[in-house]
Amino acid sequence: MIADNFGRPLTGLRISVTQRCNLNCIYCHKEGEGESQLEMEPEEIARIIKIATHFGVKKVKITGGEPLIRDDIVNIIDRLAKLDGIKDLSITTNATLLKEKAKELANAGLDRVNVSLDTLNPKIFSFITKSDFLNTVKEGIAEAIAQKMLVKINMVVMRGINDAEVSAMLEYAKNINATLQLIELLRTSSNQEFFDRYHNDMTQIEKILEIEATDVLTRRFMHNRLVYILDGVKAEIVRPMDNSEFCYHCTRMRITSDGKFKPCLMRNDNLIDFLTPMRAGATDDQLKELFRQAVMLREPFYKKPKE
Ligand code: SAM
């Protein structure tokens with residue numbers, strides 16, 4: 001296993017496979033990527049993830065853009081699911097294409113999906129996503145469940161938009177046997193005005209969940225996230241903003257859709273390009289060295305105040 005200069009082990013990768021998306025969500029941070037149309041081939045994705053497994057990476061989350069928009073997404077999943085060392089392979093999707101692809105994805109070895117669904121209200125859904133696919137998304141979720149996949153619902157909680165829907169979303173998650181992830185809106189370098197207007201401090205929601213929970217667990221290797229065990233449903237709070245605890249328990253690195261190691265969502269000044277050398281014939285040892293260099297560039301974005 002490899003650890004960075006802050007003693008944080010690296011166990012997971014979040015890999016973007018495209019920047020293309022069929023929705024246009026008002027809050028989207030686009031995984032912190034710059035604009036690029038370059039995409040890796042399935043064999044290039046599999047090769048770099050295999051390199052990562054040599055360092056002890058066990059978890060891979062596929063993201064985008066919208067990953068299911070890629071015609072070869074099943075091929076990508078198939079290749080990654082076959083890699084020794086990968087114990088947890090999942091995808092984050094808006095689920096608009098999930099109904100038609102869930103069966104093939106499950107057959108290829110995908111057993112977990114995170115679905116972005118911030119509201120059950122059609123008008124609010126249209127406002128957030130600039131689309132009217134709410135029912136399509138729900139059908140996609142139902143199909144994933146029918147294919148025996150574990151489903152997590154990602155809800156970005158925004159003040160005055162969907163913050164009143166937490167109970168309804170918990171009920172929905174309970175009914176479909178999914179976990180609900182309540183995600184704090186992130187401030188990025190380009191959304192200050194939006195953030196100021198809609199950022200919802202999660203403290204109140206945490207307090208209510210604490211009171212109602214029969215148990216509260218901590219995911220130590222996942223940003224120290226809290227998991228609330230409620231009556232028949234699990235809820236997780238993802239609270240990254242100004243949170244040094246979150247950063248000090250970060251165990252993952254990102255890979256951009258155009259083939260760069262990205263040590264932190266919030267930074268673009270320390271990327272390491274591996275796709276150019278890979279396409280120029282780099283050996284596995286050379287790619288491993290680039291991976292090692294990228295891990296050593298990892299540092300907590302929000303640091304603990306000095307004592
Ligand atoms: N299209 C896919 C989807 O909808 O899940 C994958 C890409 S999307 C950028 C991945 C996740 O990022 C979404 O679930 C959303 O919850 C989260 N996200 C995007 N922008 C965010 C922001 N400003 N703050 C917090 N979470 C955000």
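Our subject is the structure that appears above.
Here we summarise the structure given alongside this text. For clarity, every value in this text was computed on a predicted model and none was experimentally measured.

## Considering the layout of surface pockets
It is a probe the size of a water molecule, rolled over the atoms, that shows where empty space is left.
Point 1. Computed from the structure, the second largest pocket encloses a volume of approximately 400 Å³.
Point 2. His-29, Gly-32, Thr-188, Ser-189 and Ser-190 are the residues nearest the centre of the second largest pocket, which is lined by 17 residues in total.

## Points about the side chain of Arg-70
Point 1. On the secondary structure map, Arg-70 appears in the loop between strand 2 (59-63) and helix 2 (73-81).
Point 2. Separated by 2.8 Å, the side chain of Arg-70 and the backbone oxygen of Met-40 make a polar contact.
Point 3. Look past the residues within four positions of Arg-70 in its chain and what remains in contact with it is Val-17, Thr-18, Arg-20, Glu-39, Met-40, Glu-41, Pro-42, Ile-45, Ile-76 and Lys-101.

## Let's talk about the state of the cysteines
Point 1. This structure, assessed with the given rule, holds zero disulfides.
Point 2. As a non-bridged cysteine, Cys-247 has Cys-264 as the owner of its nearest cysteine sulfur, 6.5 Å distant.
Point 3. Here Cys-247 falls in the buried class, since its relative accessible area comes to 9%.
Point 4. Look at Cys-264 and you get buried, because its relative accessible area is 14%.

## Comments concerning the packing of helix 1 (residues 42-53) against helix 2
Point 1. Where helix 1 meets helix 2, the closest approach of the two axes is 9 Å, and the angle between their N-to-C directions is 25°. What the angle tells us is that helix 1 and helix 2 run roughly parallel. For the element pair helix 1 and helix 2, the recorded crossing hand is right-handed. Of the residues in helix 2, those touching helix 1 at Pro-42, Glu-43, Ile-45, Ala-46 and Ile-49 are Asn-75, Ile-76, Arg-79 and Leu-80.
Point 2. Grouping the constituent residues of the contact of helix 1 with helix 2 by class yields six nonpolar, one polar and two charged.

## A closer look at the sheet that holds strand 3 (residues 88-93)
Point 1. An order of 7-8-9-6-5-4-3-2-1-10-11-12 is seen for the twelve strands of this open sheet, with the pairing classed as mixed. Pairing within the sheet leaves two strands with one partner each, and these edge strands are strand 7 (215-219) and strand 12 (272-273).
Point 2. For strand 2 and strand 3, the ladder comprises four bridges, and the chain directions are parallel. Of the residues in strand 3, the one forming a bridge with Lys-61 is Ser-90.
Point 3. Contacts from helix 8 (residues 203-212) reach strand 5 (150-157), strand 6 (179-184), strand 8 (225-230) and strand 9 (233-238), with the element oriented near 45° to strand 8.

## Brief notes about helix 8
Point 1. Where helix 8 is concerned, the buried positions are Ile-205, Glu-206 and Leu-209. Looking straight down helix 8, one finds that the buried residues subtend no more than 100° of arc, so they occupy a single side. Every exposed residue of helix 8 that faces more than 90 degrees away from the buried side is listed here: Gln-204 and Ile-211.

## Digging into the pattern of salt bridges
Point 1. Taken as a whole and judged by the stated rule, the model has 25 salt bridges.
Point 2. The residue Asp-72 makes a salt bridge to Arg-70 at a minimum N-O spacing of 2.8 Å.
Point 3. Here Asp-72 falls in the partly exposed class, since its relative accessible area comes to 22%.
Point 4. By relative accessible area, which is 4% here, Arg-70 ends up buried.
Point 5. In this structure, the salt-bridge partner of Arg-225 is Glu-236, at a minimum N-O distance of 3.3 Å. Remark: Glu-236 occurs in strand 9 and Arg-225 occurs in strand 8; sequence separation between them is eleven residues. The exposure classification of Arg-225 matches that of Glu-236, with both residues buried.
Point 6. Within this structure, Arg-20, Glu-39, Arg-70 and Asp-72 form a network of salt bridges that share partners.

## A short note on the nonpolar core
Point 1. Among the nonpolar cores identified, the biggest contains 77 residues, and Ile-49, Ile-62, Ile-153 and Phe-291 are the most heavily contacted of them.
Point 2. Setting aside residues no more than four positions away along its own chain, Phe-291 makes contact with Leu-10, Leu-13, Ile-51, Ala-52, Phe-55, Val-57, Met-253 and Phe-261.

## Some points on the pairing of strand 1 (residues 12-16)
Point 1. Extensive coverage of strand 1 is indicated by the burial of five of its five residues.
Point 2. Covered by surrounding structure in strand 1 are Gly-12, Arg-14 and Ser-16 together with Leu-13 and Ile-15, the residues of both alternating faces.
Point 3. Where strand 1 and strand 2 come together, five bridges link them in parallel fashion. For Gly-12, the partnering residue across the bridge sits in strand 2 and is Lys-59.
Point 4. Where strand 1 meets strand 10 (residues 252-255), four bridges bridge the pair, whose relative direction is parallel. The residue bridging Leu-13 from the neighbouring strand is Met-253, located in strand 10.

## Side note on the site of the ligand
Point 1. Around the ligand, the structure places 19 residues, and the nearest of them are Tyr-27, Gly-65, Thr-92, Ser-116 and Leu-186.
Point 2. Interatomic distance of 3.0 Å between a side-chain N/O atom of Glu-66 and a nitrogen atom of the ligand.
Point 3. A distance of 3.3 Å separates an oxygen atom of the ligand from a polar atom in the backbone of Thr-93.
Point 4. Protein contacts shield 94% of the accessible area of the ligand, which totals 550 Å² for the unbound molecule.
Point 5. When contributions to the shell around the ligand are tallied by element, the ones reaching two or more residues are strand 3, strand 5 and strand 6.
Point 6. A breakdown of the residues in the shell around the ligand according to their chemical character gives six nonpolar, nine polar and four charged.

Each value, and the rule that gives it
Residues numbered from 1 in each chain as written. Predicted model: local features only at pLDDT ≥ 70, side-chain atom pairs only at ≥ 80, totals over all residues. Heavy atoms only, no water. 1 Å grid on protein atoms, 1.4 Å probe; cavity = no way out; pocket = protein on both sides within 12 Å on 5 of 7 lines; lining within 4 Å. Points joined across faces, edges and corners; volume = space filled by probe spheres on them. Helix = DSSP H or I, 4+ residues; strand = E, 2+ residues; numbered from the N terminus. Polar contact = N/O pair within 3.5 Å; in protein donor to acceptor, adjacent residues only side chain to side chain. Contact = heavy atoms within 4.5 Å. Disulfide = S-S within 2.5 Å. Buried < 20%, exposed > 50% of the residue type's maximum accessible area, 1.4 Å probe, protein only. Axes fitted to C-alpha atoms, helices over the stretch in contact; angles between N-to-C directions. Parallel < 35°, antiparallel > 145°, perpendicular 65-115°, else oblique. Left-handed = near helix turned anticlockwise from the far one by under 90°. Nonpolar A, V, L, I, M, F, W, Y, C, P; charged D, E, K, R; others polar. Pairing = 2+ DSSP bridges. Arc of directions from axis to C-beta. Salt bridge = Lys/Arg side-chain N within 4 Å of Asp/Glu carboxyl O. Core = buried A, V, L, I, M, F, W, Y, C linked by side-chain atoms within 4.5 Å. Near = heavy atom within 4 Å. Areas by Shrake-Rupley, 256 points an atom, 1.4 Å probe, with all protein chains shown as cover.

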